[in-house]
Amino acid sequence: MATPEADVDVVVVGAGLSGLICARELRRQGLAVQLLEARERWGGRMHGHTTASGLRVDLGGQWVGTTHHRLIGLLEEFGLRLYPTHYDGEGIFHWNGVPHRAGVEHHYPSSLLFFRPEELNLPPAELHDTLALQRTFLELVERVPPAAPWTAPEAEALDRISIAGWLEQQSAGELARYPFAWLTRMGGSGGIEPHESSILHLAWTQATAPQHETPEAWLVEGGAAQLAARLAAELADVLRLRAPVGAIEQDGGGVRVSHSAGEVVTAAAAVVAIPPPLRLGIRFSPALPPDCSGLLQRSAMGSMVKVLALYPQPFWRERGLNGLGIGNLPTLELTVDSTPPGGPGLLAGFIAGERAVRWQRLPEPQRRQAVLDDLARWWGPQAAEPEELVLHNWNAETWTGGAFTSFPAPGALTTYGPAAQGPHVRVVWAGTEAASRWPGYFEGAIEAGLAAAQQVRELLGG
């Protein structure tokens, strides 16, 4: 509990989903909490937006998976309803300028990026090699411990070779390489290229957040960001916005958290629930251990742009299409039907990795046109005329710096990874990246927030 000199028991830095969950849990345990957020809004990567037509959409994450049990429980607690992502009918796998229609294969290990491979009309030999390499990778995934990937067999060798380098070792052809590139840019890793991280890291992402568990199974009526709004409303009396933290000083008896214009909050402990690269913007005293700061210096955020295209109705369904588009188009590499019950038609998509970096350098009219051109390639001329097109560049978010999550450079996991475990004296880590299950997803953010609250209780002798 707080000493007479302390303002509160615990300061939580960051009012994204993980920080909100942590602060809520600590208050439920009877502790006095101060929640500090640098932005003018709460929610972090759980960020809602109202379109010109009045529809609430998610600029950040939006999906709920079949095994996201904590998230599902919270949604039920607040009376927020789910509806299934629309996968009925055929999707399109766009490969080297040619669209291939196919149904969804719900057994992911047997699929080619969720599609039934036998329906794609791809060269049989290339398809055989692609599926064989996928099986080899899944065998590797099974050998990676989610909580300690640096202990996997041959971990150092696997961590020192990039995803691209590993694919070269396997003599992978162009088609066989593509699912790995897509997983780095879209499938849980988020916004990175195959040369930027190790094959051990990619295997770890699939061990902790497997695609076969269908992480995009459901959507939330009215948007997932409602959950952050409900949590923030509960914590309104302890939540302070526009309060970026610049320093955390601590001694054996507590912490001093400096924010905004030199204001200081004293507490018995602190929880830092912000993306790992942003922790480098806080001056810690005593300083972070060299291994810990070394890992942060080698962890960057992915490059990601969220795309939302609204239409009067989901016209693609009239042609037996389900809106799922995956492929190597110049800009938009993924679209998913996110139409709410009763409409309007809504396609969600992403521009990721180097595509996002190139896209953000374009003048605004060219950015918009690049997206419209790819929408037309996916779903025909009608797709190039949305009633509204929403483009949100997460790389331009100062207090996030990218999305979906951060990633380590090759070699960083095995060299520095164990240093990420445990608190720094009286400072505990949260945020989705701190999770050992579903990191990079809302479920991971919740797990990490609850785990941080438990660590605080242990630090305080509770």
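Refer to the structure above for everything that follows.
Quick caveat, the model's predicted, so the values are computed rather than measured. (Residues numbered from 1 in each chain as written. Predicted model: local features only at pLDDT ≥ 70, side-chain atom pairs only at ≥ 80, totals over all residues. Heavy atoms only, no water.)

Chemist: Lay out the overall build of the protein with the relevant residues and their values.
Modeler: Scanning the protein from terminus to terminus reveals 14 helices and 23 strands. The C-alpha radius of gyration computed for the protein amounts to 22 Å, which stays within 12% of the reference 23 Å derived for 462 residues, consistent with globular compactness. Projected onto the principal axes, the alpha-carbon positions of the protein cover approximately 70 × 55 × 40 Å. Residues classed as buried in the protein amount to 60% of the 462 residues present. Within the protein, residue pairs in contact and separated by at least 24 positions form 72% of the contacts whose partners lie at least 6 positions apart. Summed over its atoms, the accessible surface of the protein is roughly 17,800 Å², and 51% of this surface lies on carbon and sulfur atoms. (Helix = DSSP H or I, 4+ residues; strand = E, 2+ residues; numbered from the N terminus. Rg over C-alpha atoms; globule rule 2.2 N^0.38 Å. Buried < 20%, exposed > 50% of the residue type's maximum accessible area, 1.4 Å probe, protein only. Contact = heavy atoms within 4.5 Å. Areas by Shrake-Rupley, 256 points an atom, 1.4 Å probe, with all protein chains shown as cover.)

Chemist: Tell me about the layout of surface pockets, residues and numbers included.
Modeler: By volume, the second largest pocket amounts to about 790 Å³. Considering the residues around the second largest pocket, the lining is formed by 40 residues, among which Ala 420, Gln 421, Glu 433, Ala 434 and Ala 435 are closest to the centre. Looking at the lining of the second largest pocket residue by residue, the classes come out as 21 nonpolar, 16 polar and 3 charged. (1 Å grid on protein atoms, 1.4 Å probe; cavity = no way out; pocket = protein on both sides within 12 Å on 5 of 7 lines; lining within 4 Å. Points joined across faces, edges and corners; volume = space filled by probe spheres on them. Nonpolar A, V, L, I, M, F, W, Y, C, P; charged D, E, K, R; others polar.)

Chemist: Explain empty space enclosed by the protein residue by residue, including any values.
Modeler: Gaps left between atoms show up when a probe the size of a water molecule is rolled over them. Within the structure shown, the criterion is met by 1 cavity of 30 Å³ or more. The volume enclosed by the largest cavity comes to roughly 30 Å³. Lining the largest cavity, in full, are Met 46, Trp 63, Val 64, Leu 71, Leu 75, Val 220, Ala 224, Leu 227 and Phe 442. Elements represented by at least two residues in the lining of the largest cavity include exactly strand 5 (63–64) and helix 2 (69–77).

Chemist: Mind laying out the pairing of strand 7 (residues 90–95), listing which residues take part and the relevant values?
Modeler: For strand 7, the tally of buried residues reaches 5 of 6 residues, placing the bulk of the element in the interior. With 6 bridges connecting them, strand 7 and strand 8 (residues 98–103) associate as antiparallel partners. Residue pairing in the sheet places Phe 93 in a bridge with His 100 of strand 8. The loop that links strand 7 with its antiparallel partner strand 8 comprises 2 residues; one of these, Asn 96, has a positive phi angle of about 50 degrees. (Pairing = 2+ DSSP bridges.)

Chemist: For the sheet that holds strand 19 (residues 334–337), give the residues involved together with the corresponding values.
Modeler: In spatial order, the strands read 8-7-18-19-20-17-21; together these 7 strands make up an open sheet with mixed pairing. Two strands bound the open sheet, and with one partner strand each, they are strand 8 and strand 21 (388–393). Adjacent strand axes in the sheet meet at a mean angle of 20 degrees when their direction is disregarded. When strand 17 (residues 304–311) meets strand 20 (residues 345–352), the two strands line up antiparallel, connected through 8 bridges. Each bridged residue has a counterpart across the sheet, and for Val 307 the counterpart in strand 20 is Gly 349. Across the sheet, helix 6 (residues 174–185) is in contact with strand 7, strand 17, strand 18 (321–327), strand 19 and strand 20; its angle to strand 7 comes to roughly 110 degrees. (Axes fitted to C-alpha atoms, helices over the stretch in contact; angles between N-to-C directions.)

Chemist: Describe the sheet that holds strand 9 (residues 218–220), naming the residues involved and giving the relevant values.
Modeler: By way of backbone hydrogen bonds, the strands of a sheet pair with one another, either parallel or antiparallel. If you trace the 3 strands from one edge of the open sheet to the other, you get 5-9-6, paired in antiparallel fashion. At either end of the open sheet lies a strand with only one pairing partner, and these are strand 5 and strand 6 (82–84). Bridge analysis of strand 5 against strand 9 gives 2 bridges, and the strand direction is antiparallel. Counterpart to Trp 63 in the pairing with strand 9 is Leu 219.

Chemist: Hey, could you go over the pattern of salt bridges for me, with residue numbers and the actual values?
Modeler: The final tally for this structure, using the stated rule, is 20 salt bridges. Notably, a salt bridge pairs Asp 237 with Arg 27, separated by 2.8 Å at the nearest N-O pair. Of the two residues, Asp 237 is situated in the loop between helix 8 (225–234) and strand 10 (239–240) and Arg 27 in helix 1 (residues 17–28); the sequence distance between them amounts to 210 residues. Taking the shortest distance from any N to any O, the salt bridge between Arg 81 and Glu 221 comes out at 3.2 Å. Placement of Arg 81 in the loop between helix 2 and strand 6 and of Glu 221 in the loop between strand 9 and helix 8 is noted, with a sequence separation of 140 residues between them. The exposure class of Glu 221 is partly exposed, given its relative accessible area of 26%. Several salt bridges share partner residues, and in doing so they unite Arg 24, Arg 28, Glu 77 and Glu 234 into one network. (Salt bridge = Lys/Arg side-chain N within 4 Å of Asp/Glu carboxyl O.)

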